[in-house]
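Single-letter residue listing:
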Amino acid sequence: MIASVIPRYEFRIFGNALSKIEEKIMALSPREKTRQMDSVYLLTPFKRRNNVKIREGIMDIKVLEQEHAGLQQWNPFLVGEFPLEADVIKTVVFPALGVESPVFEREKYTLSQFIAEVITIDPDLAVAYVWKTRHAYTVADCITEVAEIKVNGATIKTICIESEDAGKVLEAKKLLGIGSNVENVSYPLALKRIMGLTSLPESWNNIDF
Amino acid sequence: MTKEKLKIGEISKPRFEFRTFGRDLEEAAYRMTRLSVPVPEKVWERTSEETYIVSKTNNINNTKIRDGKMDIKTFVQEVDGLEQWNPLMKGEFPISATVLREEVFPAFQVEMPPLDKEEYSLEEFLAIIKNHPELLAVTVEKERYGYMVNDTICEYGMVWINGALVETINSESTEVEDIKKTIEMLGLGGMENINYLQAIKRVTGMIDKKLVN
């Protein structure tokens, strides 16, 4: 199934001390919406251009199409709803994860069967349970989000600016005072850092005691 | 038998410990502040950055490195849901290959990596960990507040595990009954005893279990 979505450019940061940027967002836009949701992310220690997650029983994969001016353009496509056919897991999900597909004992998998019988037994795969409270704003015509998230129970905040127009994202960044030295961190990269699947850079969310 | 009076910062018999981790432990922390007797100023607030070494297979040895020093504690016993841990080894970097071979890597319960140098600096040791498929070095930053409730040493802390925040609360003492009473006084009754090793493994996805809230 291919959804007809125009891929958006995205700039995202993670941290526990983002209040200065949050204050600027709130000064520029009313809070338009707050949503709460749970997602399950599938991760590997390997460098991939895919963001594989399950939300409300539906698996979707975002593919990193390109990077431009420090922004990332992600193209989403829906894989399908659980119970998911083993053939789809084999031909779509595992290639996206870059991991060799196992032998499947069932024709279809519920989400819990998929996690317990396919994912957790694979030494190359890790699961991140992510609970999100997402607050929506609009800055420079861009969808702008401030979210409190829990990653396997540990909390961190994320701020994201996204638009189909890369120029508008750059304009929003400028309005919010986010310089070119600030790293663009996608969800998979942040989760991999928290879970120790990839090294922490010096600049990663240092706690200012 | 007269029980030993615990003093913060002094060496005692091996202590039992209740500790838990969650996202919202503030109510228990508030009760801790109100029920505590005055404590020495040096434990009012402490901050530190540590590196824990974890593996999927090991749940009984807790290895951490702070200020270039390695400290391994081993699980001794559980009594009424409380855990007792004893020091297994303490070492300082640079550390000899003999100590790594005979004490440190056996504690991780993983395959021994090749060790072809006589001694290893902290950076060299962490490079071995990074390249070992079964081991994970986790950065843990702590902001801890010390208290004394019902004759037990208590602490509330904010802990950043690879940058993500969890809260922790604990009570420790040589006396099991004192800890059990403290747990009730703080409103922590029924909560799971989760030690550092468990919490880190849960947040990093090595163990598929939740924290207490």
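Residues numbered from 1 in each chain as written. Chains lettered and ligands numbered in written order. Predicted model: local features only at pLDDT ≥ 70, side-chain atom pairs only at ≥ 80, totals over all residues. Heavy atoms only, no water.

A few words now on the overall build of chain B. Within chain B, the secondary structure is distributed over five helices and 10 strands. Relative to the compact-globule value of 17 Å for 213 residues, chain B shows a C-alpha radius of gyration of 18 Å, a close match. Reported as C-alpha extents along the three principal axes, the dimensions of chain B are approximately 55 × 35 × 30 Å. Considering only residue pairs separated by 6 or more positions, chain B has 62% of its internal contacts joining residues 24 or more positions apart. (Helix = DSSP H or I, 4+ residues; strand = E, 2+ residues; numbered from the N terminus. Rg over C-alpha atoms; globule rule 2.2 N^0.38 Å. Contact = heavy atoms within 4.5 Å.)

Our focus in this paragraph is the overall build of chain A. Along the backbone of chain A there are five helices and 10 strands. Its C-alpha atoms give chain A a radius of gyration of 18 Å, near enough to 17 Å, the size a compact globule of 209 residues would have. Its C-alpha atoms put chain A at 55 × 45 × 30 Å along the principal axes. Burial statistics for chain A: of 209 residues in total, 49% are counted as buried. (Buried < 20%, exposed > 50% of the residue type's maximum accessible area, 1.4 Å probe, protein only.)

Below, the discussion takes up the side chain of Asp122(A). Looking at the secondary structure, you find Asp122(A) in the loop between α3 (111-119) and β8 (126-139). Lys56(B) is the oppositely charged side chain nearest to the buried, salt-bridge-free Asp122(A), at an N-O distance of 8.4 Å. With residues near it in sequence (within four places) discarded, Asp122(A) still touches Phe94(A), Val99(A) and Glu100(A). (Lys, Arg positive; Asp, Glu negative; His and termini not counted. Salt bridge = Lys/Arg side-chain N within 4 Å of Asp/Glu carboxyl O.)

Take the packing of helix α2 (residues 97-108) of chain B against helix α3 (residues 122-131) of chain B next. Residues and elements named next belong to chain B. The contact between α2 and α3 brings their axes to 14 Å, and the two run at 40°. Taken as axis vectors, α2 and α3 run oblique relative to one another. Here α2 and α3 pass one another in a crossing that is right-handed. On the side of α2, the interface is formed by Leu100, Val104, Phe105 and Phe108, while α3 contributes Phe125, Ile128 and Ile129. By residue class, the composition of the contact of α2 with α3 is seven nonpolar, no polar and no charged. (Axes fitted to C-alpha atoms, helices over the stretch in contact; angles between N-to-C directions. Parallel < 35°, antiparallel > 145°, perpendicular 65-115°, else oblique. Left-handed = near helix turned anticlockwise from the far one by under 90°. Nonpolar A, V, L, I, M, F, W, Y, C, P; charged D, E, K, R; others polar.)

Moving on to the interface of chain A and chain B. Taken residue by residue, the interface counts 24 residues in chain A and 24 residues in chain B. For the chain A and chain B pair, buried surface summed over both sides reaches about 1,800 Å², with 55% attributable to carbon and sulfur atoms. Inspection of the chain A/chain B interface yields zero salt bridges. Contributing elements (two or more residues each) for the side of chain A that touches chain B: β8, β9 (142-151), β10 (154-163) and α5 (187-194) of chain A. Looking at the side of chain A that touches chain B, its residues break down into 13 nonpolar, nine polar and two charged. (Buried area = accessible area lost by both parts, 1.4 Å probe.)

All right, on to the pairing of strand β2 (residues 33-43) of chain A then. Residue and element names in this part refer to chain A. Pairing of β2 with β8 involves 11 bridges; the strand directions are antiparallel. Looking at β8, one finds that Arg35 is bridged to Arg134. Examined bridge by bridge, β2 and strand β3 (residues 50-55) share four bridges and lie antiparallel to one another. When the bridges of β3 are listed, Tyr41 appears paired with Lys53. As consecutive antiparallel partners, β2 and β3 are separated by six residues. (Pairing = 2+ DSSP bridges.)

Okay, the pairing of strand β2 (residues 46-55) of chain B next. All names here are of chain B. Of all 10 residues in β2, seven are buried; the element is thus mostly enclosed. In this sheet, strand β8 (residues 135-149) lies alongside β2 in antiparallel orientation, the contact comprising 10 bridges. In the strand pairing of β8, Ile53 is matched with Ala137. For β2 and strand β3 (residues 61-66), the ladder comprises three bridges, and the chain directions are antiparallel. What sits directly across from Thr51, in β3, is Ile65. Hairpin connection from β2 to β3: five residues lie between these consecutive antiparallel strands.

Looking now at α5(A). Residues and elements named next belong to chain A. Of all eight residues in α5, seven are buried, a share of seventy percent or more. Among the residues of α5, those classed as buried are Tyr187, Pro188, Ala190, Leu191, Lys192, Arg193 and Ile194. Downstream of α5 by a residue or two, Gly196 has a phi angle that is positive, lying close to 75°.

We now examine the environment of Glu148(A). Residues and elements named next belong to chain A. Here Glu148 lies in strand β9. For Glu148, a relative accessible area of 32% puts it in the partly exposed group. Each C-alpha atom, one on Glu148 and one on Ile194, is 15 Å from the other, the two residues being 46 residues apart in sequence. When sequence neighbours within four positions are dropped, the list of residues in contact with Glu148 reads Trp131, Lys132, Thr133, His135, Ile156 and Lys157.

So, about the packing of aromatic side chains. All names here are of chain A. All chains considered together, the criterion is met by 12 aromatic pairs over all chains. Judged by centre distance (5.4 Å) and plane angle (45°), the rings of Phe82 and Phe114 are tilted. Remark: Phe114 occurs in helix α3 and Phe82 occurs in the loop between β5 (71-81) and β6 (84-85); sequence separation between them is 32 residues. When sorted by exposure, Phe82 lands in the same class as Phe114, which is buried. (Phe/Tyr/Trp six-rings, centres within 6.5 Å; stacked < 30°, edge-to-face > 60°.)

The subject of this paragraph is the nonpolar core. Formed by 37 residues in total, the largest nonpolar core has its most connected members in Phe14(A), Ala128(A), Ile149(A), Leu191(A), Phe21(B), Val166(B) and Ile200(B). Sort the elements by how many residues they give to this core and helix α5 (residues 196-203) of chain B lands first, with five residues. Leaving out residues up to four positions away in the same chain, Phe14(A) has contacts with Ile149(A), Ile156(A), Lys157(A), Thr158(A), Val185(A), Ser186(A), Tyr187(A), Ala190(A) and Trp204(A). Within the second largest apolar cluster, 24 residues are counted, among which are Val79(A), Phe82(A), Val99(A) and Val127(A). (Core = buried A, V, L, I, M, F, W, Y, C linked by side-chain atoms within 4.5 Å.)

Another aspect to go through is the pattern of salt bridges. Residues and elements named next belong to chain B. Per the counting criterion, the structure on display carries 21 salt bridges over all chains. Between Lys90 and Asp71 there is a salt bridge, with the nearest N and O atoms lying 3.5 Å from each other. Taken together, the residues Lys90 in strand β5 (residues 82-92) and Asp71 in strand β4 (residues 69-79) connect sequence positions 19 residues apart. Lys90 sits in the exposed class, given a relative accessible area of 63%. Assessed through its relative accessible area of 15%, Asp71 is described here as buried.

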